[in-house]
Amino acid sequence: MAQKPLIIVESPTKARTISRFLGSHYTLSSSYGHIRDLPKSKLGIDVENNFRPSYVIPVKAKEVVSNLKKQVKSASRIILATDEDREGEAIAWHLMHALELTDIPTKNKRQKGVERIVFHEITKHAIEEALKNPRALDIKLVDAQQARRILDRLVGYELSPFLWRKIRYGLSAGRVQSVAVRLIVEREREIEKFTKEEYWTIEALFTKSGGQSFPGRLVSFKDTAISKMTIRNEAQARSIAKESKEDPHHVISVTKKEISRNPSAPFTTATLQQEASRKLGFSAKQTMTVAQRLYEEGVITYMRTDSVNLAESALVQAKSVIVENFGAQYASPDPRRYTTKSKGAQEAHEAIRPTNLSIRANPSVGDRGAQRLYDLIWKRTIASQMHNARFEQTSADIGQKGHHTFRAHGQVVIFDGFIRAYTEGRDDPEDEIEGILPELREGDKLKLDAIDPRQHFTEPPPRYTDATLIKALEAEGIGRPSTYAPTLSTVQDRGYVEKRERAYHPTEIGVVVNDLLVEHFPEIVDVHFTSRIEEELDEVAEGKLSWEKACNDFYEPFKSRLTEKEKTVLKHTETSETPCPHCGKMMMIKFGRMGKFLACPDPESKVTLPMPEEAAKIKELREKTDGELCPLCGKSMDVKRGRFGFFLGCTDYPKCKGISKIWNKTGFKCPACITGYQISNVGHQTTNAGNQTSEIQIPKSGIGDIVEKKGRGRSKPFYACTRYPDCTFIMNAKPETQVALDEGFTAWKNKPPAPVKTSTKKPSFIRTLGKFSSSKFLSTDKNSGSKEKTKKSHTKAKKSVKKSVS
């Protein structure tokens, strides 16, 4: 069989999409992401030898590398088509070394050369053009990625153990994540220190004879301008309002002007994450996961970018789509070209946009979340090339000149322009000028219908959300498009911050770690220092700075300070007001995996107690769960605390490992368990033709309680048996009486829940290939005949699947 070129990409989905355009002329294969990395068990960097890294192939990637080596041997050409950013270039570089390839001409037949292709979108035209113009690996991009990886490893593997020794085991520090935590902690302290101040405004309602009513706000009184904080109390407000009631009121002046609003630029990674958070409620991680899928399916351009440029072909197509969908008057006469305001932006890239703007709702996108994100990208791209929106803004001063003046505003849309398609969301909405004022002329008399003093209070700065935190990081030049989502996920996973109602709140341990780093390692959490590191990494990518020098400039002062602080910084401790039952001294407050706890100050003692507030909670739960027995051995249960909160554990632990949830019981036993009546919820199991339910007799000894349960997300609570899934009884309303419970049981029997349907959808090519390549299907025991047959059968199936794609 004739040899074919082998194209290697990062993901199976990307391979599948590209294979649709290239047909059987090429073989497509995936590396499943990085195939080499620094070892997890040690630092993996020789700081004495110019920061030389020691890369290893992770266990999970060894089989992938083995399969790729086999494919390389039978390929006519090796083409690396990983993403065009630094991360993608580094993956290609690691592939070249792991597969023993070279990017320079060689006469060594055992070492094949590679070609590197890049494209900003996965379309037939882009792929074909990339194949016509291969290039060598850009080692400068590889160096920049390698420098970032080494710096992050040095901070993580050397500063994290310091935190373990000074606070508690398991903590971590990161070059970018620590700055993000600092921003959140400092904002929380601003809120705590904030003192709200009272202020008042005077609102009035006017009517022109025979016309409509419209509001106005007092802006001056007795030749004194009324600013936001001028009127500070109710007495002053009511006194001014009383004097301002005096008629007649007439129009002092009218000002009209036309204003214009420009559309926002197309999406970058940061602005996409911000807008998806505002309009769709997506987290940064969710946005990037969905965007990655859209890119790999070939429906949007590359999603990690800080450029706002659009390709010439996209500009031409956008104008055509606007004319067709909105009319020629909505299309901008000349293509709009934007420049980014973010630090370190790489303008050679392109903004995020649909690959085909003529498709408004892409049927290949898939789930609703992906559809919504695609629609957002489509609207933003189209709006960026539409005409300005134009408004007529009217401002009228009303009252008695020299005594008091109210100001009324009105705005009329002259031409809606780009807002016909899209308007950008706001983090801090300002007072919008809306409504229409009646036709007013200077000297017109108006009737004062009402005057209303209104009380207000100043508000503290808002807590950071995904949108505002990414905006702050981008504005300061901290991180790059590929780092925002991982940073926000990491600070939550580490327990340094938590998200409540979409806003970030620092945890106790997050505050302690931040304070220690700010005091003893100010450069690590300094916004400007971190931004400067990012600029140096950009210089490495541009070939202006060697990656070794960038690492050395950071590491030498960092290591010197770390050595000094190791000797001088004492372990973080706090003294409580609780006497120790062992020695009588006041117990120390320490941090553990589950949070704070009390410990005996005697270093030889292992006496610990929960914090007073936790002890009170445990006492409350013990009273609530009194009499609960272990489901395994029948002994009594006690309240325990784990990673996910409180639970019941057997008192005979570790001999018995029985556990149970702490339920909110209703006080009623399950009627389905009592009567032995059950409904199977397994998909389409039947006892009679046409029926999907069956009665199952269960032992009456296993009788559950009716408790409150809650589904995922914001779903409402429901009431069900504690023996689920053995017992499937469920009701929506809380049973207040036995009669209500019996009625619910009867309704459940007469109208059982729909059976759970098992999916009959065949797996896609990628899932099938992944299934066959899974290590659990492949035997390494050559002496096992049956296992060897299994291996051969799956290898045969795998080749069959690959053949169908290539």
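Residues numbered from 1 in each chain as written. Predicted model: local features only at pLDDT ≥ 70, side-chain atom pairs only at ≥ 80, totals over all residues. Heavy atoms only, no water.

## Some remarks on the overall build of the protein chain
Right, so step 1: The helix and strand inventory of the protein chain stands at 21 helices and 26 strands.
Right, so step 2: Burial analysis of the protein chain (806 residues in total) assigns 47% to the buried set.
Right, so step 3: The contacts in the protein chain between residues at least 6 apart in sequence include a share of 68% that link residues at least 24 apart.
Right, so step 4: Carbon together with sulfur atoms contributes 50% to the accessible area of the protein chain, which is approximately 43200 Å² in total. (Helix = DSSP H or I, 4+ residues; strand = E, 2+ residues; numbered from the N terminus. Buried < 20%, exposed > 50% of the residue type's maximum accessible area, 1.4 Å probe, protein only. Contact = heavy atoms within 4.5 Å. Areas by Shrake-Rupley, 256 points an atom, 1.4 Å probe, with all protein chains shown as cover.)

## Things to note about the packing of helix H6 (residues 177-193) against helix H14 (residues 508-520)
Geometry of a packed helix pair, given as the angle between the helix axes and the separation of the axes.
Right, so step 1: At a closest axis distance of 10 Å, the pairing of H6 and H14 adopts a crossing angle of 110°. Relative to H14, the element H6 is oriented roughly perpendicular. Touching Ser-178, Val-181, Arg-182, Val-185 and Arg-189 of H6 are Gly-510, Val-511, Asn-514, Asp-515, Leu-517 and Val-518, all from H14.
Right, so step 2: Tallied by class, the residues present in the contact of H6 with H14 amount to five nonpolar, three polar and three charged. (Axes fitted to C-alpha atoms, helices over the stretch in contact; angles between N-to-C directions. Parallel < 35°, antiparallel > 145°, perpendicular 65-115°, else oblique. Nonpolar A, V, L, I, M, F, W, Y, C, P; charged D, E, K, R; others polar.)

## With respect to the nonpolar core
Right, so step 1: By size, the foremost hydrophobic cluster in this structure holds 136 residues, and its most contacted members are Phe-119, Leu-159, Ile-300 and Leu-373.
Right, so step 2: In terms of residues, this core owes the most to one element, helix H5 (residues 139-166), which gives 11 residues.
Right, so step 3: Ignoring any residue separated from it by four or fewer positions in sequence, one finds Phe-119 in contact with Lys-14, Ile-18, Ala-81, Glu-84, Ala-126, Ile-127, Ala-130 and Tyr-295.
Right, so step 4: Within the second largest apolar cluster, 22 residues are counted, among which are Ile-202, Phe-221, Ala-237 and Ala-408. (Core = buried A, V, L, I, M, F, W, Y, C linked by side-chain atoms within 4.5 Å.)

## Regarding unusual backbone geometry
Right, so step 1: Here the residue pair Tyr-653 and Pro-654 is connected by a cis peptide bond, since its omega of 10° sits within 30 degrees of zero.
Right, so step 2: If you trace the backbone, Pro-654 turns up in the loop between strand E21 (645-650) and strand E22 (659-660).
Right, so step 3: Tyr-724 connects to Pro-725 through a cis peptide bond whose omega is 10°.
Right, so step 4: The topology assignment puts Pro-725 in the loop between strand E25 (717-721) and strand E26 (730-731).
Right, so step 5: The phi angle at Tyr-32 is positive, at roughly 55°, despite the residue not being glycine.
Right, so step 6: Relative to the assigned elements, Tyr-32 resides in the loop between strand E2 (27-30) and strand E3 (45-46).
Right, so step 7: The exposure class assigned to Tyr-32 is partly exposed, which follows from its relative accessible area of 39%.
Right, so step 8: Here Phe-51, not a glycine, exhibits a phi torsion of approximately 60°, which is positive.

## Some remarks on the pairing of strand E1 (residues 4-9)
Consecutive side chains along a regular strand alternate between the two faces of the sheet.
Right, so step 1: E1 sits mainly inside the fold: five of its six residues count as buried.
Right, so step 2: Summarising the sheet, E1 and strand E5 (residues 75-80) pair through four bridges and their orientation is parallel. Residue pairing across strands places Leu-6 opposite Ile-78, the latter belonging to E5.
Right, so step 3: Relative to E2, E1 runs parallel, the two being bridged by four bridges. Residue Val-9 lies in a different strand from E2, and its bridge partner there is Ser-30.
Right, so step 4: With helix H1 (residues 12-22) bridging E1 and its parallel neighbour E2, the resulting β-α-β unit is right-handed. (Pairing = 2+ DSSP bridges. Right-handed = clockwise from strand over helix to strand, strands pointing away.)

## What to know about the pairing of strand E16 (residues 574-579)
Right, so step 1: As paired elements, E16 and strand E17 (residues 586-592) share three bridges and run antiparallel to each other. Bridging across to E17, Glu-574 finds its partner in Ile-589.
Right, so step 2: Between E16 and the antiparallel strand that follows it, E17, lie six residues; Gly-584 among them carries a positive phi value of about 85°.

## Here we look at the environment of Gln-400
Right, so step 1: Residue placement: Gln-400 occurs in strand E11 (residues 389-400).
Right, so step 2: Taking the C-alpha atoms as reference points, Gln-400 and Ser-244, separated by 156 residues in sequence, lie 8.8 Å from one another.

## Here's the deal with helix H15 (residues 527-541)
Right, so step 1: Given a rise of 1.5 Å per residue, 15 residues ought to cover 21 Å, and the 21 Å separating the end C-alpha atoms of H15 matches this to within 8%.
Right, so step 2: Regarding H15, the residues found buried are Val-527, Thr-530, Ser-531, Ile-533, Glu-534, Glu-536, Leu-537, Asp-538, Val-540 and Ala-541.
Right, so step 3: Where H15 is buried, its residues meet helix H3 (86-98), H5, H6 and helix H16 (547-568).
Right, so step 4: With a side-chain oxygen positioned 3.2 Å from the backbone nitrogen of His-528, the residue opening H15 is Asp-526.
Right, so step 5: Downstream of H15 by one or two residues, Gly-543 has phi in the positive range, about 80°. (Expected span 1.5 Å × (residues − 1). Polar contact = N/O pair within 3.5 Å; in protein donor to acceptor, adjacent residues only side chain to side chain.)

## Some details on the side chain of Thr-530
Right, so step 1: Looking at the element boundaries, Thr-530 is found in helix H15.
Right, so step 2: Owing to a relative accessible area of 1%, Thr-530 belongs among the buried residues under this scheme.
Right, so step 3: Excluding anything up to four places from it in sequence, Thr-530 contacts Arg-175, Val-179, Ile-478, Glu-523 and Ile-524.

## Remarks on the packing of H15 against H16
Right, so step 1: As a packed pair, H15 and H16 sit with axes 9 Å apart at the nearest point and diverge in direction by 165°. If you check the angle between H15 and H16, you find them roughly antiparallel. Here the hand of the crossing between H15 and H16 comes out right-handed. Along the contact surface, H15 presents Phe-529, Ile-533, Glu-536 and Val-540, while H16 presents Trp-547, Ala-550 and Phe-554.
Right, so step 2: Partitioned by chemical class, the residues of the contact of H15 with H16 number six nonpolar, no polar and one charged. (Left-handed = near helix turned anticlockwise from the far one by under 90°.)

## Some remarks on the sheet that holds E2
Right, so step 1: With respect to topology, four strands assemble into an open sheet ordered E2-E1-E5-E6, the strand pairing being parallel. Every interior strand has two partners, whereas the edge strands, E2 and strand E6 (114-116), have only one. Strand-to-strand twist of the sheet, defined as the mean angle between neighbouring strand axes without regard to direction, takes the value 30°.
Right, so step 2: The strands touched by H3 are E1, E5 and E6; relative to E6, the strand with the most contacts, the crossing angle is about 175°.

## Examining the packing of aromatic side chains
Right, so step 1: This model, assessed by the stated rule, comprises 15 aromatic pairs.
Right, so step 2: Through a chain of ring-to-ring contacts, three or more aromatic side chains come together here, namely Phe-51, Phe-529, Phe-554, Tyr-555 and Phe-558.
Right, so step 3: The ring of Phe-21 has Arg-20 sitting right over it, with the charged end atom 5.9 Å from the ring centre.
Right, so step 4: The ring of Phe-457 is capped by Lys-196, whose NZ or CZ atom sits 4.9 Å from the centre of that ring. (Phe/Tyr/Trp six-rings, centres within 6.5 Å; stacked < 30°, edge-to-face > 60°. Lys NZ or Arg CZ within 6 Å of the ring centre and 35° of its normal.)

## What to know about the pattern of salt bridges
Right, so step 1: Per the stated rule, a full pass over the model turns up 55 salt bridges.
Right, so step 2: Across the salt bridge formed by Asp-538 and Arg-86, the nearest N and O atoms sit 2.5 Å from each other. Taken together, the residues span a long stretch of sequence, with Asp-538 in helix H15 and Arg-86 in helix H3 at a distance of 452 residues.
Right, so step 3: Several salt bridges share partner residues, and in doing so they unite Arg-148, Asp-152, Arg-175 and Glu-534 into one network. (Salt bridge = Lys/Arg side-chain N within 4 Å of Asp/Glu carboxyl O.)

## Focus: the sheet that holds E21
Right, so step 1: The three strands lie next to each other as E20-E21-E22, forming an open sheet whose pairing is antiparallel. Looking along the sheet, the strands with just one partner apiece sit at the ends: strand E20 (637-642) and E22.
Right, so step 2: Sitting on the sheet, helix H17 (residues 612-624) is in contact with E20 and E21, with an inclination near 145° to E20.

## Side note on H3
Right, so step 1: Relative to the 18 Å expected for 13 residues at 1.5 Å per residue, H3 spans 18 Å between its end C-alpha atoms, a close match to the ideal helical length.
Right, so step 2: Extensive coverage of H3 is indicated by the burial of 11 of its 13 residues.
Right, so step 3: Turning to H3, its buried residues number three or more, namely Arg-86, Gly-88, Glu-89, Ala-90, Ile-91, Ala-92, Trp-93, His-94, Leu-95, Met-96 and Ala-98.
Right, so step 4: Where H3 is buried, its residues contact E1, helix H2 (59-73), E5, E6, H5 and H15.
Right, so step 5: Glu-100, located one to two residues past H3, shows a positive phi value of around 60°.

## A word on the environment of Met-586
Right, so step 1: Take Met-586: it is sitting in strand E17.
Right, so step 2: The exposure class of Met-586 is partly exposed, given its relative accessible area of 41%.
Right, so step 3: Taking C-alpha positions, Met-586 is 9.2 Å from Ala-599, a pair spaced 13 residues apart along the chain.
Right, so step 4: Among all residues touching Met-586, those that are not within four sequence positions of it are Thr-575, Ser-576, Glu-577, Thr-578, Pro-579 and Pro-601.

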